[in-house]
Amino acid sequence: MYEFEFTRPASVAEAVAALNAEEAQALGGGQTLIPTLKQRLAMPTTLVSLSGVAEMQGIGLQDDGQLVIGGATTHAEVASGAVGTYPALAALAGQIGDPAVRNRGTLGGSLANNDPAACYPAAALGSGATIVTNTREIPADEYFQGMFTTALEEGEIVVSVKFPVPEAANYQKFVQPASRFAMVGVFAARFADGVRVAVTGASEEGVFRWTDAEAALASSFTPDAISALSVDPDGMIGDIHGTKAYRAHLVNVMTRRAVAAAV
Amino acid sequence: MTKVTMTVNGKAASGEVEGRTLLVSFLRETLGMTGTHVGCDTSQCGACVVHVDGKAVKSCAMLALEAEGAEVATIEGQAAADGTLNTIQAAFQEHHGLQCGFCTPGMVMSAAALLKDNPKPSEAEIRHYLEGNLCRCTGYHNIVKAIMAASGQDVSAIAAE
Amino acid sequence: MPKDIDAKESGIGAASKRREDIRFLSGTGNYTDDINLNGQAYVHFLRSDVAHGRITSIETAEAAAMPGVLRIFTGADFEGVGSIPCGWQVTDRFGEVMQEPAHPVLAQGKVRHVGDPIAAVVAETAEAARDAAEAIELDIEELPAVVDMKAALAEGAPKVHDDLTSNLCYDWGFVEDNKAAVNAAFEAAAHVTSLELVNNRLVANPMEPRVAVGDFNRATGDSTLYTTSQNPHVIRLLMGAFVLGIPEHKLRVVAPDVGGGFGSKIFHYAEEAFCTFAAKALNRAVKWTSSRSEAFMSDAHGRDHVTKIELALDADNNFTALRTDTLANMGAYLSTFAPSVPTWLHGTLMAGNYKTPLIYVNVKAVFTNTVPVDAYRGAGRPEATFQLERVIDKAALELGVDPIALRRQNFITEFPYATPVAVEYDTGDYVATMDKLEEIADIAGFAARRAESERAGKLRGLGVNCYIEACGIAPSNLVGQLGARAGLYESATVRVNATGGIVVMTGSHSHGQGHETSFPQVIASMIGIDENMVEIEHGDTNNAPMGMGTYGSRSLAVGGSAMVRATEKIIAKAKKIAAHLMEAADADIELKDGQFSVAGTDKSVAWGDVTLAAYVPHNYPLEEIEPGLEETAFYDPSNFTYPSGAYACEVEVDPETGKVSIARFAAADDFGNIVNPMIVDGQVHGGIGQGIGQALLEGCVYDENGQLLSASFMDYAMPRADDVPFYEVDHSCQTPCTHNPLGVKGCGEAGAIGSPPAVVNAVVNALRSAGKDVTHIDMPLSPARVWAAMQG
């Protein structure tokens, strides 16, 4: 790692101020950022830890029925804390990384990084969540802008995320055998007014909505409804773990499984 | 350099560290506690697992300064003061759950975290929980068996010792 | 299943709990990275990021002026230093010796693989060294890389080494004189089965990355190297005599607790030589700790064979001939034992468990712009077993016969058996291990389990195979003729102390095998004392006599035999002392349960009385024998040992995704006599885990430019706890080795040799159960590959 200053502000305001410094970078749980720093692939002068910001912690249900989760809430806390309110989201959080990673990694960190194979982007997009930052609220549909790219401005922090809770939802993750990130992960959610299907891991553009499947599932929320559908292998990721065609195939399989398992 | 203070295995510990100093480097180099190991640089192998405020974490993916004021538990603090192995350690010896010993500190610390949350885990639960702990020697057979035994389950029916 | 566990409480055959576990479980082991010497500096290696190139300039002045930097070394600093040596010279089928390129400590003029070290920065801290390494201005003229072996052998291919005639290291034929007869047998065959396959390139990945700490004492001129090695004496010899020119008495090599090796820590590496050299140059200790990412591009890799195998059968399905063509990747340089792996550790095993009368093996070893390839658990024998056991399964398919029956029909049943590939199996009972396997794997119950899997929407397959391996490679005079540049004996010194306790100094190194527990069981049994009276010391060239270390499942068969021989000398001398004490004839003295007695009388003296007399020789036959009780023995085996066995794997395949799960795995092994069954089981478990890893998960992949695509655990899939089941293992079939004193054969590699074909056979079987016309899938059988195979 290159040397950097470390600060641990206690409030969002202090964190935002600290991030104004040149080449300052926010540190969530560090489960991606610290290995990245170890490879010397980033060179921040200041690392601003968000773990001490109390207002970014915790899980709560809003009056409008949306589940609000602080950006600094760990995967482990979501996995145990959202079981009663949004079980599909809790189950997804419980599949991220491994137990030790889940004790450090955070929702905000994952969404800010937007790894194309991360799980949380599928939940946020598949739920139609709203990403609440220190300056604004960003709908998930506008937030994810391609691999490792989001709508966040320099110095902008994911303070919390508001998840509408669907009637039924499920996340199916098919892991890449080495990293255990999603080779294909599909989050399918049925709401009173429609269906959302978000796919992570598969596309060169990062997480995306499979709108053809959403339309078909809106009329019949059954695996059979999408049996004949497929995503275009062009634009899927092809690498040593699987071809584009394989990932395209898995998108269909995992979507059907998610629909079948959604409760 | 910044001073960091924490509690390690019940004793106050402090030292001067850089911003980039990892918790595992603080333990191994500043405190000379070399029981916690580093086996990879992508936070996957789990040889570095310690507990911070009661939770298993990878000490190679956490900065020392993030542990300011925390209670840290490492492999060195697992046995009794007189050296008597704790239940998990003893089960690892009894069931040959280690060979070269390099992954062992992380395995024991992960097993301890598991049993705290889930006192009688099934075989599948143990295997799943160890997703972040790699062992190259044992084929995992005797590690899983040792953890089952440490949780008080009868392992005599499991294939050969 | 009947258990032999706990059948005995101590000594040979007992499942003694491992004493080394206490330190490993309490965080008090002493691994090389735990060693920090006063005033130690740190080195960071600047490594090539291109696979092949010419270094046009290295500008280090700016980097050398950075804070904390002590000195920057480049290839120029090593011009008077020797090449990293290769320990085995293969002679090709035309009688010519192999092409052997130089292997500099730091690159001289050219870089030949991603990871090839170019410069080394020594600084006060590791981070300062790395900072400065980034500031070195390096110009490399990139050259076309050769990665694929066939392309490397093509006319006009870029040469990895400009001074060699081609990228062909050697073209080996075995047995060359059999070739015509083999070809004739194929002409006459009723059926020929052929199969082209890849034995995938692997990275050993012991959990402890490599570390080296060099130290130098200017007052004495002594150098010391602490290193993560399986054989410190071999490192001392190779590095001292061939690279740095330091005589053994001025060089100490210590390999303390070592966190696994699996072959990758046998070899002498450039980083070891560098740290030793730099410590002297700087008069400071110099430490290198590999990161895992660095390990992927600097540890020797394993396997990487591409083979065509053909099996000829007569009209009654008897194997009549076998013919193989293999390309074996050497990588960019010849690692310590690399040339021996595809030849003498591979060709000699091609008979397997079968009485095939005619065999011809051709191996072309190839230089490529990749990390050197050398021995990895099994080394040559897994490659031999995999192709043989796969082609037999394919033959059974083509002939419509039961694969187990086809194997049984062709088993060697009479021993000793001289194979057509120049080795003689002393003992074995392949029928017994197959019988045992069918029992413990419950082969009879497979159909019902398949039906159950199918009800759950899964395909289920059963794969069975046999294996033979050769351990304790020897004897030295033979391997010398075959090209080995070292002896392959082992040594032990048994030092009995005055009060009867024993310290054994052995050249065998323990890095997970539990020698500190199992070796005392042997000594204690021989004398009849408690095993806790015996302590093992290893891993330090200052203590043990010249040793060859631990690899090839040789520790007990060779190192243990040396220990037995030394103990026999101890007992012989102790009997003389006892005879003197009891005023009896030497020949009448018996030793049992730690008591010396005179046959036919009630006179006896205890072990401790005799050992005390040896060191307090007041009443002692000083005219006849020396005081003291310490003996050394060197043991050079007369033959290999030949462990064998039969393995079964059951898989479930998800037909929609191609994902394979191992449902059951069973192994019936014949290791001859067993000293510690608990440790033996553990060795087999670990080998199976690695074999399943090779079969399903692991693959080291380069792109066409020589960039390593599987360069970390993010892309190189290591087996995890949930990738494997509990294994059913059995070693109750025991045909003791006939030529070593313990009757032991070795068990370390068996699991890794025997398991990959079982897994692949099982997956092919599963897919065929769904009507898929699949006869082979190359490893690793990733979900993507299995799915693709199912698409036809």
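So, how was this worked out
Residues numbered from 1 in each chain as written. Chains lettered and ligands numbered in written order. Predicted model: local features only at pLDDT ≥ 70, side-chain atom pairs only at ≥ 80, totals over all residues. Heavy atoms only, no water. Helix = DSSP H or I, 4+ residues; strand = E, 2+ residues; numbered from the N terminus. Polar contact = N/O pair within 3.5 Å; in protein donor to acceptor, adjacent residues only side chain to side chain. Contact = heavy atoms within 4.5 Å. Disulfide = S-S within 2.5 Å. Pairing = 2+ DSSP bridges. Buried area = accessible area lost by both parts, 1.4 Å probe. Salt bridge = Lys/Arg side-chain N within 4 Å of Asp/Glu carboxyl O. Nonpolar A, V, L, I, M, F, W, Y, C, P; charged D, E, K, R; others polar. Phe/Tyr/Trp six-rings, centres within 6.5 Å; stacked < 30°, edge-to-face > 60°. Buried < 20%, exposed > 50% of the residue type's maximum accessible area, 1.4 Å probe, protein only. Lys NZ or Arg CZ within 6 Å of the ring centre and 35° of its normal. Right-handed = clockwise from strand over helix to strand, strands pointing away.

Q: Looking at this structure, I do not really get the side chain of N86(B). What am I missing?
A: Residues and elements named next belong to chain B. Within the secondary structure, N86 is located in the loop between strand 5 (71-73) and helix 2 (87-94). At a separation of 3.4 Å, a polar atom in the side chain of N86 contacts the main-chain carbonyl oxygen of Q78. The contact partners of N86, leaving out residues within four places of it in the chain, are Q78 and A79.

Q: Is there a simple way to explain the state of the cysteines in this structure?
A: Formally, a disulfide is one covalent bond, and it connects the sulfur atom of one cysteine to the sulfur atom of another. A full pass over the atoms with the stated rule returns 0 disulfides over all chains. Of all cysteine sulfurs, the one in C169(C) lies closest to C86(C), which takes part in no disulfide; the gap is 7.6 Å.

Q: Could you clarify how one ought to interpret the pairing of strand 30 (residues 727-730) of chain C in this entry?
A: As a general feature of sheets, a regular strand has side chains that alternate between the two faces. Sheet analysis places strand 29 (residues 660-670) of chain C next to strand 30 of chain C, joined by 4 bridges and oriented parallel. Across the sheet, A668(C) pairs through a bridge with D730(C), a residue of strand 30 of chain C.

Q: Help me understand the interface of chain B and chain A in this model?
A: Interface extent is often summarised as the accessible area lost during association of the parts. On the chain A side, the residues contacting the 23 residues of chain B number 29 residues. Note on chain B versus chain A: buried area summed over both sides is about 2200 Å², and carbon and sulfur give 53% of it. By the criterion of area lost to chain A, the three top residues of chain B are R20(B), E66(B) and E131(B), representing 29% of everything that side buries. Remark: the boundary between chain B and chain A carries 4 salt bridges. In this structure, the salt-bridge partner of D98(A) is K58(B), at a minimum N-O distance of 2.6 Å. In this structure, the connection of chain B to chain A is made through 9 residue pairs in polar contact (both at pLDDT 80 or more). Top contributing element to the side of chain B that touches chain A by residue count: strand 4 (residues 55-58) of chain B, with 4 residues. For the side of chain B that touches chain A, a count of residues per class yields 10 nonpolar, 5 polar and 8 charged.

Q: What is the right way to read the packing of aromatic side chains from this model?
A: The description of two aromatic rings rests on the distance between their centres and on the angle between their planes. Scanning all chains against the criterion turns up 33 aromatic pairs over all chains. Centroid distance F319(C) to Y354(C): 5.5 Å. Interplanar angle 65°. Geometry classified as edge-to-face. Placement of the pair is F319(C) in strand 16 (residues 319-331) and Y354(C) in the loop between strand 16 and strand 17 (358-367), with a sequence separation of 35 residues. There is no split in this pair, since F319(C) and Y354(C) are both buried. The residue whose ring lies beneath R40(A) is Y2(A), and the NZ or CZ to ring-centre distance is 4.5 Å. Over the ring of Y269(C) we find R210(C); its NZ or CZ atom is 3.5 Å from the centre of that ring.

Q: Where do I start with the pairing of strand 22 (residues 502-506) of chain C in this structure?
A: Residues and elements named next belong to chain C. Burial of strand 22 is extensive: 5 of the 5 residues sit out of reach of the surface. As defined by bridge partners, strand 21 (residues 490-496) adjoins strand 22 across 5 bridges and the pair is classed as antiparallel. Note that in strand 22 the partner of V494 across the bridge is V504. Direction of pairing for strand 22 relative to strand 23 (residues 534-538): parallel, over a ladder of 5 bridges. If you follow M505 over to strand 23, its bridge partner there is E537. Handedness of the β-α-β unit built from strand 22, helix 14 (residues 515-527) and strand 23 comes out right-handed.

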